[in-house]
Each structure stands twice: as structure tokens, then as C-alpha cells.
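What follows is each chain in one-letter form.
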Amino acid sequence: MREFVIMTDSCCDLTAEMAADLELEVLPLRLLMNEKDYRNYLDGREIGFKAFYDCMRSGSMGATSAASVGEFEDAMRPILATGKDILYVGFSSALSTTYQSSVIAAEQLREEFPDADIRVVNSKCASMGQGLLVWLCAQQKKAGKSLAEVCEYCEKNIPSLCHWFTVDDLFHLKRGGRVSAATALVGTMLSIKPVLHVDDEGRLINVGKARGRKASLLALVDNMEKTAVDPANQTVFISHGDCLADAQFVAAEVEKRFGTRDIRISYVGPVIGNHTGAGVVALFFLGSKR
């Protein structure tokens, strides 16, 4: 059985330590902010997470860009040259053209490396939802599964990867075109917080609202209660936009309700955080449906 590498992109929002432990190849996406171009490395080497959110709170708005075909080729070619195959699990195609770039790069590299097995999967996931899917795939690889088996496992579990989000700043959603100015104004006056999820096609959808921050955080766990499969024995991921205490509140509620022991917390990175704003909290788990 040929060796293979699991590749993903920085929108997985895993910690650098987790990615290293899983032996992942992680392609950084880009952020342009305050006339500077940054690559979104998981260790924050070019722009730190707190520094990024401080910029957002001061009113700066960035622009993000997908990974290019050339960047994929440059990352994949050295791996293929060693005789290893590749499984790339990418950011939702409904939210970025990164996946499409990976498809083109893989097609071109198959001509250069005709014996290689290069597989690309549209995760239809975002942030640590993508990270959790990749983490689960890496566990399968560690258990000795082949590339084909891990790829099949990955595709089978995509429809079960649940994402639940809430944001603290409706005006940031207004700037991003996701809510109207009137909705942002009234919602802010009444302390209405949206509850969002990523649907079966990988799109970010506003599906509910809660009155107040605490209620919106509890709503994430309420939705987990409806669909989670064996939550006590799952690994659950939580990501946050520089609001660790709120993420820890959600983690404590998950542990209290379900007895879940393995809960991992990380930042929402700059590429996704640029669209959600500071104060976003997201909960990820496996469920009977998204």
C-alpha cells in the first residue's frame, strides 16, 4: 500500500500543534488588510489571531483570496515527487473557489505523475467543521486505512458534520451583505443574536435568532441536543473569534449535558473571521443530519 499525505487548507482552523500531530500538509489562504498581504498560517506567523481581531474591532475590513492553482501545484508536487499519494480535503466550494483550484491542479499533476493517486474532496465544511472532518480522516489513516478507504470515509461523513454558529456583531454581518441595515439596527437595539449553520451544500445559512448573548450560545448546544449521535463519546470542536470565555462556556454546557470528555477549542482564523467578525462562536460535531 502506497503512503499518502492528507492535505487541507488554513480554513480548517486547527491549531498548528494539532496539524503537526496529524502530519497534515496545510495550504495557507490569504488576507489583505491595511494594505498588507498576509498568508493565514495556522501558527499565526504572519498575522496573529489577537492582532487580527484587534484590527477588526478598530474598524479595519480585510479582503480574502482563495488558493490558486499554482499554489496547489507548488504544494503537491514535492509530495508526489517522493512517491506519495495525496488526499486533499478542502474548504466548502460554496464559500470559496479554493476547491475548484485544487481540482484543476490535480488534473494537471496527474499528467506529470501518471502513477500517482491524487484525490480532492469538497468538504462542504468551514472552520473547525472542516478541521473536525480532517481530524477524523487522520484518525482513520493512523488506524492503517488506505487512501481509498479514508476518502470513502470522508465523503460518507460530510453530510453528518454539523456546524452551528452565532455572532455578536450584526453590523459586521450587514457590512458583509448577510443582513440588512434595518435588521442590524433593530437586532442590536433588542440584543437579538442570529443562529446560523452550514447546510448540506456547504452554504452559511441564518436559521434562527436568540435574545441575548447567553441565549445564543445555549442555542448552539440546544441544536446539538437535537441531532448529535452518541455525543458523550464524540470528539467535539469549538472555534471562536477572540472570545475564549464564551467558547469555554459552550464547552462546559456540552460537557454538562452530554458528558462529552474530548472537546477541542481553537480560534476562527483570519480568512473566515474576516467574514464573521470578532465574537463569533461555532460548535461542531457529528449528527444524524446537518
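Everything below is about the structure printed above this text.
Residues numbered from 1 in each chain as written. Predicted model: local features only at pLDDT ≥ 70, side-chain atom pairs only at ≥ 80, totals over all residues. Heavy atoms only, no water.

### Considerations on the overall build of the chain
Okay, so step 1: Helix and strand counts for the chain come out as 11 helices and 13 strands.
Okay, so step 2: A compact globule built from 290 residues would reach a C-alpha radius of gyration of about 19 Å, and the chain, at 19 Å, matches this within 12%.
Okay, so step 3: Based on the C-alpha atoms only, the size of the chain along its principal axes is roughly 60 × 45 × 30 Å.
Okay, so step 4: The burial tally for the chain puts 55% of its 290 residues in the buried class.
Okay, so step 5: Across the chain, contacts joining residues at least 24 apart in sequence account for 76% of those joining residues at least 6 apart. (Helix = DSSP H or I, 4+ residues; strand = E, 2+ residues; numbered from the N terminus. Rg over C-alpha atoms; globule rule 2.2 N^0.38 Å. Buried < 20%, exposed > 50% of the residue type's maximum accessible area, 1.4 Å probe, protein only. Contact = heavy atoms within 4.5 Å.)

### Re the pattern of salt bridges
Okay, so step 1: Applying the stated criterion across every chain, the model contains 20 salt bridges.
Okay, so step 2: Among the ionic pairs, Asp-74 bridges to Arg-77, the shortest N-O distance being 4.0 Å. Note that Asp-74 and Arg-77 are positioned in helix H3 (residues 69-81) at a spacing of three residues, about one turn of the helix.
Okay, so step 3: Accessibility expressed as a relative area gives 28% for Arg-77, which makes it partly exposed. (Salt bridge = Lys/Arg side-chain N within 4 Å of Asp/Glu carboxyl O.)

### Focus on the sheet that holds strand S3 (residues 30-33)
Okay, so step 1: Strand order in the open sheet formed by three strands is S4-S3-S5, with antiparallel pairing between adjacent strands. Two strands bound the open sheet, and with one partner strand each, they are strand S4 (36-39) and strand S5 (63-65). The mean inter-strand angle of the sheet, taken between neighbouring strand axes irrespective of direction, is 25°.
Okay, so step 2: Of the pairings in the sheet, the one linking S3 to S5 comprises three bridges and is antiparallel in character. Each bridged residue has a counterpart across the sheet, and for Leu-32 the counterpart in S5 is Ala-63. (Pairing = 2+ DSSP bridges. Axes fitted to C-alpha atoms, helices over the stretch in contact; angles between N-to-C directions.)

### As for the environment of Ile-205
Okay, so step 1: For Ile-205, the position within the fold is in strand S10 (residues 204-211).
Okay, so step 2: Note on Ile-205: relative accessible area 28%, which makes it partly exposed.
Okay, so step 3: Considered as a pair, Ile-205 and Val-195 are 10 residues apart in the sequence and their alpha carbons are 8.7 Å apart.
Okay, so step 4: For Ile-205, the contacting residues outside a window of four places in its chain are Val-195, Leu-196, His-197 and Asp-199.

### Quick notes on helix H4 (residues 98-112)
Okay, so step 1: With 15 residues, H4 extends 21 Å from end C-alpha to end C-alpha; this agrees with the ideal 21 Å at 1.5 Å per step.
Okay, so step 2: By the burial criterion, the buried members of H4 are Thr-98, Tyr-99, Ser-101, Ser-102, Ala-105, Ala-106 and Leu-109. When H4 is viewed along its axis, its buried side chains cluster within an angular range of 145° and face the same direction. (Expected span 1.5 Å × (residues − 1). Arc of directions from axis to C-beta.)

### Observations concerning the sheet that holds strand S2 (residues 25-27)
Okay, so step 1: Spatially, S2-S1-S6-S7 is the arrangement adopted by the four strands of the open sheet, whose pairing is parallel. Of all strands in the sheet, those with a lone pairing partner are S2 and strand S7 (118-122), marking the two edges. Neighbouring strand axes in the sheet, compared pairwise and without regard to direction, differ in orientation by 20° on average.
Okay, so step 2: As defined by bridge partners, strand S1 (residues 4-9) adjoins S2 across three bridges and the pair is classed as parallel. Looking at the pairing, Thr-8 lines up with Val-26 of S2.
Okay, so step 3: Here H4 sits on the sheet in contact with S1, strand S6 (85-90) and S7, set at roughly 165° to S7.

### Brief notes about the packing of aromatic side chains
Okay, so step 1: Taken as a whole and judged by the stated rule, the model has six aromatic pairs.
Okay, so step 2: For the ring pair Phe-49 and Tyr-267, a centre distance of 5.0 Å and an interplane angle of 10° mean the geometry is stacked. Taken as a pair, Phe-49 in helix H2 (residues 49-57) and Tyr-267 in strand S12 (residues 262-267) lie far apart in primary sequence, 218 residues in all.
Okay, so step 3: Residue class for Phe-49 comes out buried when judged on its relative accessible area of 18%.
Okay, so step 4: Arranged with centres 4.9 Å apart and planes meeting at 80°, the rings of Phe-72 and Tyr-88 form a pair that is edge-to-face. Residue Phe-72 is found in helix H3, and its partner Tyr-88 is found in strand S6; the two are separated by 16 residues along the sequence. (Phe/Tyr/Trp six-rings, centres within 6.5 Å; stacked < 30°, edge-to-face > 60°.)

### Some remarks on unusual backbone geometry
Okay, so step 1: Positive phi is not limited to glycine here, since Glu-23 has a value of about 60°.
Okay, so step 2: Inspection of the secondary structure puts Glu-23 in the loop between helix H1 (16-21) and S2.

### Quick word on the layout of surface pockets
Okay, so step 1: The calculated volume of the second largest pocket comes to roughly 190 Å³.
Okay, so step 2: If you go around the second largest pocket, the residues you meet are Met-1, Arg-2, Glu-3, Phe-4, Val-5, Glu-23, Ile-79, Thr-82, Lys-84, Lys-141, Gly-144 and Lys-145.
Okay, so step 3: Residues that form the lining of the second largest pocket fall into these classes: four nonpolar, two polar and six charged. (1 Å grid on protein atoms, 1.4 Å probe; cavity = no way out; pocket = protein on both sides within 12 Å on 5 of 7 lines; lining within 4 Å. Points joined across faces, edges and corners; volume = space filled by probe spheres on them. Nonpolar A, V, L, I, M, F, W, Y, C, P; charged D, E, K, R; others polar.)

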